Amino acid sequence: YIYTLKLRKEYFNTPKILWIDPWSYTIAKEYIDAKNLLEIIIDKEKDLENICSLFGRTLALLHIKKICLGDSNPRNFLIKRIASENNKEKTDVSDIYKIYFIDLEQTSECIGINNVTWDLASLVYFTYLMSPRRSFDKTRSCMENMFREYFVTIERFGDSHLNVNVIRDRLSDPVYLTIFLSGTSLVFSPFATVKIYKAYDLLNHMKKRSE
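About the criteria used
- Residues numbered from 1 in each chain as written.
- Predicted model: local features only at pLDDT ≥ 70, side-chain atom pairs only at ≥ 80, totals over all residues.
- Heavy atoms only, no water.
- Helix = DSSP H or I, 4+ residues; strand = E, 2+ residues; numbered from the N terminus.
- Rg over C-alpha atoms; globule rule 2.2 N^0.38 Å.
- Buried < 20%, exposed > 50% of the residue type's maximum accessible area, 1.4 Å probe, protein only.
- Contact = heavy atoms within 4.5 Å.
- Areas by Shrake-Rupley, 256 points an atom, 1.4 Å probe, with all protein chains shown as cover.
- Lys, Arg positive; Asp, Glu negative; His and termini not counted.
- Charge placed at Lys NZ, Arg CZ, Asp CG, Glu CD.
- Patch = residues over 30% accessible without salt bridge, like charges linked within 9 Å, V, L, I, M, F, W, Y side chains within 5 Å.
- Salt bridge = Lys/Arg side-chain N within 4 Å of Asp/Glu carboxyl O.
- Core = buried A, V, L, I, M, F, W, Y, C linked by side-chain atoms within 4.5 Å.
- Disulfide = S-S within 2.5 Å.

J.: Explanation requested: the overall build of the protein in the structure shown.
T.: Of the regular secondary structure elements, the protein holds eight helices and seven strands. In terms of overall dimensions, the protein is globule-like: its C-alpha atoms have a radius of gyration of 17 Å, near the 17 Å expected for 211 residues. Projecting the C-alpha coordinates of the protein onto the three principal axes gives extents of approximately 50 × 40 × 40 Å. Classification of the 211 residues of the protein by burial places 46% in the buried group. By sequence separation, contacts in the protein at least 24 residues apart represent 73% of the contacts at least 6 residues apart. Looking at the protein as shown, the accessible area adds up to about 11,500 Å², and 49% of this sits on carbon and sulfur atoms. If the 30 positive side-chain charges of the protein are averaged to one point and the 27 negative ones to another, these points end up 2 Å apart.

J.: Is there a simple way to explain a nonpolar patch on the surface in this structure?
T.: Taken together, the side chains of Tyr-1, Ile-2, Leu-5, Ile-20 and Ile-27 make up a nonpolar region of the molecular surface, amounting to roughly 470 Å² of accessible area. When you line up the elements, Tyr-1 lands in the segment before helix H1 (2-9).

J.: Whenever I open this one, the nonpolar core confuses me. Can you help?
T.: Side chains of nonpolar character tend, in soluble globular proteins, to be buried together. Within the largest apolar cluster, 59 residues are counted, with the highest numbers of intra-cluster contacts made by Leu-120, Tyr-125, Phe-147 and Tyr-150. The residues contacting Phe-147, other than those within four sequence positions of it, are Leu-120, Val-124, Leu-171, Leu-203 and Met-206.

J.: Could you clarify how one ought to interpret the environment of Asn-115 in this entry?
T.: When you line up the elements, Asn-115 lands in helix H4 (residues 113-130). Taking the relative accessible area as the measure of exposure, Asn-115 reaches 29% and is therefore partly exposed. Each C-alpha atom, one on Asn-115 and one on Leu-69, is 8.4 Å from the other, the two residues being 46 residues apart in sequence. Beyond its immediate sequence surroundings of up to four residues, Asn-115 is in contact with Cys-68, Glu-109 and Cys-110.

J.: Hey, could you run me through the state of the cysteines in this one?
T.: Note: disulfide means a covalent bond formed between the sulfur atoms of two cysteine side chains. Tallying each qualifying case throughout the model produces two disulfides. Linked covalently through their sulfurs, Cys-52 and Cys-142 form a disulfide whose S-S length is 2.0 Å. Looking along the S-S bond of the Cys-52-Cys-142 disulfide, the torsion reads about -100°, which is the left-handed sense. Taken as a pair, Cys-52 in helix H3 (residues 48-64) and Cys-142 in helix H5 (residues 136-157) lie far apart in primary sequence, 90 residues in all. The residues Cys-52 and Cys-142 share a single accessibility class, namely buried. Disulfide partner of Cys-68: Cys-110, at an S-S distance of 2.0 Å.

These figures come from the coordinates and say nothing about function on their own.
Pasting the structure below:
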């Protein structure tokens with residue numbers, strides 16, 4: 001509840017709260033008719049690269065505001081088209097799509113750089129784990145575009161608490177790899193290990209691009 005309001009105050013999109021019952025811990029929210037980020041990747045939306053770039057920019061701005069999600073599941077981001085495909089006046093992708101943040105139960109203030117890199121690394125791991133094998137190329141392309149715009153935005157608008165080189169260096173932290181290797185064996189299929197190493201390879205690639 002708190003971060004739904006806080007994000008809206010900082011001009012990020014979240015579903016409106018329609019009703020709340022504090023006794024049963026129940027919140028009713030506005031329904032957003034949109035696809036989540038995972039569906040966008042799997043369905044191979046023609047604007048995928050631009051959408052992923054917009055997502056990277058939005059996530060960077062969130063981190064600049066010192067807000068970390070804690071649960072960067074690709075299903076927790078809804079992408080809604082707000083402009084017609086025939087509207088030639090819309091030049092920026094942010095004029096065409098809105099990104100909504102949902103399921104904010106683990107959202108908190110970014111205490112340190114590890115909170116930031118966890119948001120990014122876990123997003124990559126979860127996206128690969130939830131993507132079918134046929135979508136791996138699109139998953140990688142989306143994540144690369146996301147990171148590219150994320151780093152550009154951090155360098156342009158960030159402050160001393162966000163250092164691009166430090167973030168890149170910690171993306172491939174073996175601790176994250178260990179967490180996902182040990183924590184997914186009971187939840188995902190045996191093919192999960194391959195997916196995890198696909199994610200790890202991408203995170204290593206993003207690190208090496210800065211060297």
